Amino acid sequence: QRAKRFVAMLKPEWPVFMAKVSAYLTENAGKFDIGHQIMPQAMRYWTPFAAHGLPYVIGPLGGSLTTPPGFAEEMGHAKWYTRLRALDSLRLRHDPWLRKGYKNADLVLGVAPYVRDCLADIPLKRYANVLELGIDNVVPSGDRVPSETGRLRLLHVGRGVRTKGLRDAIRAMALLKDRLDLTLTSAGEGEDIDACRLEAARLGIADRVRFLGLRPRAEVESLYAQSDMFLFPSFREPAGNVLYEAMRWGLPVITAARGGPDFIVDASTGIRVPVTTPDRFAQDIAEAIQRLAEDPALRQRMGDAGRAKVAREGLWPVKAQGMVREYTRCLEGRQADVLSVALTA
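All figures in this text were calculated on a predicted structure; none of them were measured in a lab.

### Quick notes on the sheet that holds strand β10 (residues 270-273)
Here we have six strands laid out as an open sheet, ordered β7-β6-β5-β8-β9-β10, and parallel in their pairing. Two strands in the sheet have a free side with no partner beyond their single neighbour: β7 (209-211) and β10. Going across the sheet, the axis of each strand differs from the next one's by a mean of 20°, ignoring polarity. With six bridges connecting them, strand β5 (residues 152-157) and strand β6 (residues 182-187) associate as parallel partners. Each bridged residue has a counterpart across the sheet, and for His156 the counterpart in β6 is Ser186. Taken strand by strand, helix α12 (residues 278-293) contacts β5, β6, β8 (229-232), β9 (253-256) and β10, and its axis lies near 165° from that of β10.

### What about the pairing of strand β3 (residues 107-110)?
Here is the key point about a regular strand: its side chains alternate between the two faces of the sheet. The side-chain alternation of β3 yields two buried faces, one formed by Leu107 and Leu109 and the other by Val108 and Gly110. Where strand β2 (residues 56-61) meets β3, three bridges bridge the pair, whose relative direction is parallel. Bridge pairing in β3 places Val57 opposite Leu107. Looking at chain direction, β3 and strand β4 (residues 127-129) are connected through three bridges and run parallel. Opposite Gly110, over in β4, you have Asn129 as the bridge partner. In this fold, β3 hands off to helix α6 (residues 113-118), which returns the chain to β4; that crossover is right-handed.

### Structural notes on the layout of surface pockets
There is about 510 Å³ of room inside the second largest pocket. In terms of lining, the second largest pocket is formed by 23 residues, of which the most central are Val130, Leu131, Glu313, Lys319 and Met323. Put simply, the parts of the chain that give the lining of the second largest pocket at least two residues each are β2, α11 (259-264), α13 (296-313) and α14 (316-344). By residue number, the principal contributor to the lining of the second largest pocket is α14, which donates nine residues. The residue inventory of the lining of the second largest pocket, partitioned by class, reads 13 nonpolar, four polar and six charged.

Parameters and conventions
- Residues numbered from 1 in each chain as written.
- Predicted model: local features only at pLDDT ≥ 70, side-chain atom pairs only at ≥ 80, totals over all residues.
- Heavy atoms only, no water.
- Pairing = 2+ DSSP bridges.
- Helix = DSSP H or I, 4+ residues; strand = E, 2+ residues; numbered from the N terminus.
- Axes fitted to C-alpha atoms, helices over the stretch in contact; angles between N-to-C directions.
- Contact = heavy atoms within 4.5 Å.
- Buried < 20%, exposed > 50% of the residue type's maximum accessible area, 1.4 Å probe, protein only.
- Right-handed = clockwise from strand over helix to strand, strands pointing away.
- 1 Å grid on protein atoms, 1.4 Å probe; cavity = no way out; pocket = protein on both sides within 12 Å on 5 of 7 lines; lining within 4 Å.
- Points joined across faces, edges and corners; volume = space filled by probe spheres on them.
- Nonpolar A, V, L, I, M, F, W, Y, C, P; charged D, E, K, R; others polar.

Spelled out as C-alpha cells, the structure:
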C-alpha cells in the first residue's frame, strides 16, 4: 500500500511471480491448450511462457509512449523511477529474453497500432489490435439529462497529472473566454490539479471551471449524463478507459490524435487534435470546442455514432467471443506448423 505509483510502474514482485509460474509450467504445461499473459500491460516484462512449448498470447500491450518535446518542460519534477521508461526502447531492441518472449508468442496483442510500431524490430508470428477495455451496457439516449438552455457543459475525467491534458483544456477554455455559455468540470485528483487551479485563475476563467477531485463511480456516471461534450486531450495515453465510458453515454469526444485515443476515437465519434506545441494544441482544442458548440446536430451524430461503436465492439460478450476466435486461430496455426514440419520431414 506504500509507494503505489512506484510499485505500479516497476512491479518489483514480477521476477518472483514469473519464477513461480515457470516452475509450475515445468510440471503442468501439458494440462493446458494455450496460455495468455494479459498483464502487465507495459512492454518491459519478460514472460514465463517462452520456455515451455505451450502456445501463448501476450497482451493487450500498451505504454512506452514518449512525452512530446514541447510538453516536456511542463512535466515538473518527475520521480526518478519514471525516467526508467527511456530504457524500454533499448530493451526491446537488445534484451534477448524480452525479444524471445515476443518472437515466440503465437499472438501479440496491442491496445492500438502504435504498439506494433514499438515492436517493429522484432519478427512477430502474428499481431492484432485488441483493446483491453470493455463495457457492460450502452446507456439509452433518453437517459441523458438535457442541458440548460444556453449552457454547454464540458467534462474531463482522469488523474490529475500533466499528461492527461487538463491544463490544455483550461487554456482552450481561456481562448473561448467570450463564450460565457461554456463550463468545464474536472473529476479526478493528482499532483497537477493545483497547477490547473492556478492556470484557470491566471487566465481569468476560475468561475467557469469546477474541480471536483476524486468522485465515487456513481457520481462520475451522473456527470457523464449531465454533460454535453467530453474533453480528454491526454497526449501520452496508452489506451483510454474514460473514452469508452463517455461514448457509452453518447457524448461527442475531443481528444488527442496520439496513442490509444487516436485508435479508439474516429471521425464519426469525435475530433482528434494533433499534438504539436502546448500553444498550438490549446488553440486546436479551442477550435474543436467551438465547432461542436456551434453545431448541435453534429454533437448528436457523433454521440449516436459513439454509442453505436461501443455497442458494436466494446461490450464484454463481443470482446469475449473475439478472444475465443483468436485462441482458436493460434491453435490452428500451431497444428498447421506441426503438419508442415511432418510433411517436410
